[in-house]
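Below, each chain spelled out in residue letters.
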Amino acid sequence: HGCCCGSTTTIRTISAPPTLQRQPQQQPLSTDATTFPPPPRSPTEAAQRNGVFIGKVRDIFDQRQFDQFRSDSAQYRKGRTTASDYYSQFRAIFADAGCGEKLQRDLFKELVALLPDHDKQAELKDVYLGALHSDELSANFPSLDGDGGGGAAAPAGGGAAVSAA
């Protein structure tokens, strides 16, 4: 019967202090370059997040850059620019404004999440993830850049030039 000394064993349940119990998970900005924020759940949330996004962009750009960004975005939404070209334009204008890679990624992922057109979202996600994969290959295998590994790596995002139209 297991216990030969006649004593009884008491099992106590210990619960975590109240500060450790079921705290709602805070969702920090993802450090994972491939994780996109969820789309807005309501028109109110979409408007709020869009306002925050536009505020961040206005803080980064001068008026000329902001107008160019808005124009590039409108051209993409209207189907007059490909996803690949729009991504290249986005990268170029944000890099020109002095934005680092992480901020560019975070802003781009939020922009994609805020797009109401699911097909446009999917196009941009595909281009973005393809560019990340290409950048990763270039970083890990510099000789694949075509210069024998002795020169500078190709610019992120495919290196396409942005032309003001």
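See above for the structure.
Nothing here was measured: the structure is a model prediction, and the numbers come from that model.

Asks: Describe the layout of surface pockets, with residues and values.
Replies: Estimates place the volume of the second largest pocket at around 340 Å³. When contributions to the lining of the second largest pocket are tallied by element, the ones reaching two or more residues are α1 (43-60), α2 (63-77) and α4 (101-114). At 6 residues, the largest contribution of residues to the lining of the second largest pocket is made by α2. Partitioning the lining of the second largest pocket into residue classes produces 11 nonpolar, 2 polar and 2 charged.

Asks: Report on a positive patch on the surface, specifying residues and quantitative values.
Replies: Taken together, Arg 58, Arg 70, Arg 77, Lys 78 and Arg 80 make up a surface patch of like positive charges. As for its placement among the helices and strands, Arg 70 is situated in helix α2.

Asks: A description of α4 should follow, citing residues and the corresponding values.
Replies: With 14 residues, α4 extends 20 Å from end C-alpha to end C-alpha; this agrees with the ideal 20 Å at 1.5 Å per step. Along α4, 10 of the 14 residues are buried, which leaves the element largely enclosed by surrounding structure. Within the span of α4, buried status applies to Gln 104, Asp 106, Leu 107, Phe 108, Lys 109, Glu 110, Leu 111, Val 112, Ala 113 and Leu 114.

Asks: Can you tell me about the pattern of salt bridges, naming the residues and giving the values?
Replies: Under the criterion given, the structure shown has 7 salt bridges. A salt bridge links Asp 106 to Lys 102; its shortest N-O distance comes to 2.7 Å. Here Asp 106 pairs with Lys 102, and both are found in helix α4, just 4 residues apart, close to one helical turn. Taking the relative accessible area as the measure of exposure, Lys 102 reaches 37% and is therefore partly exposed.

Asks: Please give an account of the side chain of Asp 72 that cites residues and values.
Replies: With respect to the secondary-structure elements, Asp 72 resides in helix α2. Buried and without a salt bridge, Asp 72 has Arg 64 as its closest oppositely charged side chain, separated by 9.0 Å. Side-chain polar atoms of Asp 72 contact the side chain of Gln 68, separated by 2.7 Å. Excluding its chain neighbours within four sequence positions, the residues that come into contact with Asp 72 are Tyr 86 and Gln 89.

Asks: Quick rundown of the nonpolar core? Include the residues and the values.
Replies: Burial of nonpolar side chains together is a common tendency in soluble globular proteins. Ranked by size, the top nonpolar core spans 25 residues in total, and within it Phe 69, Tyr 86, Phe 90, Phe 94, Phe 108, Leu 111 and Leu 124 carry the most contacts. Elements with a contribution of two residues or more to this core: α1, α2, α3 (83-96), α4 and α5 (118-140). Among residues more than four places away in sequence, those in contact with Tyr 86 are Phe 69, Asp 72, Ser 73, Tyr 76, Thr 81, Phe 108, Leu 111 and Leu 124.

Asks: Hey, could you go over a negative patch on the surface for me, with residue numbers and the actual values?
Replies: On the surface, a cluster of negative charge is contributed by Asp 117, Asp 119, Glu 123 and Asp 126. Looking at the element boundaries, Asp 126 is found in helix α5.

Asks: Break down the packing of aromatic side chains for me, with residues and values.
Replies: Under the counting rule described, the total for this entry stands at 12 aromatic pairs. By way of ring pairs, the aromatic residues Phe 36, Phe 53, Phe 61, Phe 69, Tyr 87, Phe 90, Phe 94, Phe 108 and Tyr 128 are connected into one cluster. Over the ring of Tyr 76 we find Lys 120, and its NZ or CZ is 4.8 Å from the ring centre. Here Lys 125 stacks its cationic end above the ring of Phe 36, 5.1 Å away from the centre of that ring.

What counts, and where the lines are drawn
Residues numbered from 1 in each chain as written. Predicted model: local features only at pLDDT ≥ 70, side-chain atom pairs only at ≥ 80, totals over all residues. Heavy atoms only, no water. 1 Å grid on protein atoms, 1.4 Å probe; cavity = no way out; pocket = protein on both sides within 12 Å on 5 of 7 lines; lining within 4 Å. Points joined across faces, edges and corners; volume = space filled by probe spheres on them. Helix = DSSP H or I, 4+ residues; strand = E, 2+ residues; numbered from the N terminus. Nonpolar A, V, L, I, M, F, W, Y, C, P; charged D, E, K, R; others polar. Patch = residues over 30% accessible without salt bridge, like charges linked within 9 Å, V, L, I, M, F, W, Y side chains within 5 Å. Areas by Shrake-Rupley, 256 points an atom, 1.4 Å probe, with all protein chains shown as cover. Salt bridge = Lys/Arg side-chain N within 4 Å of Asp/Glu carboxyl O. Lys, Arg positive; Asp, Glu negative; His and termini not counted. Charge placed at Lys NZ, Arg CZ, Asp CG, Glu CD. Expected span 1.5 Å × (residues − 1). Buried < 20%, exposed > 50% of the residue type's maximum accessible area, 1.4 Å probe, protein only. Polar contact = N/O pair within 3.5 Å; in protein donor to acceptor, adjacent residues only side chain to side chain. Contact = heavy atoms within 4.5 Å. Core = buried A, V, L, I, M, F, W, Y, C linked by side-chain atoms within 4.5 Å. Phe/Tyr/Trp six-rings, centres within 6.5 Å; stacked < 30°, edge-to-face > 60°. Lys NZ or Arg CZ within 6 Å of the ring centre and 35° of its normal.

In short, shape yes, function no, at least from these values alone.
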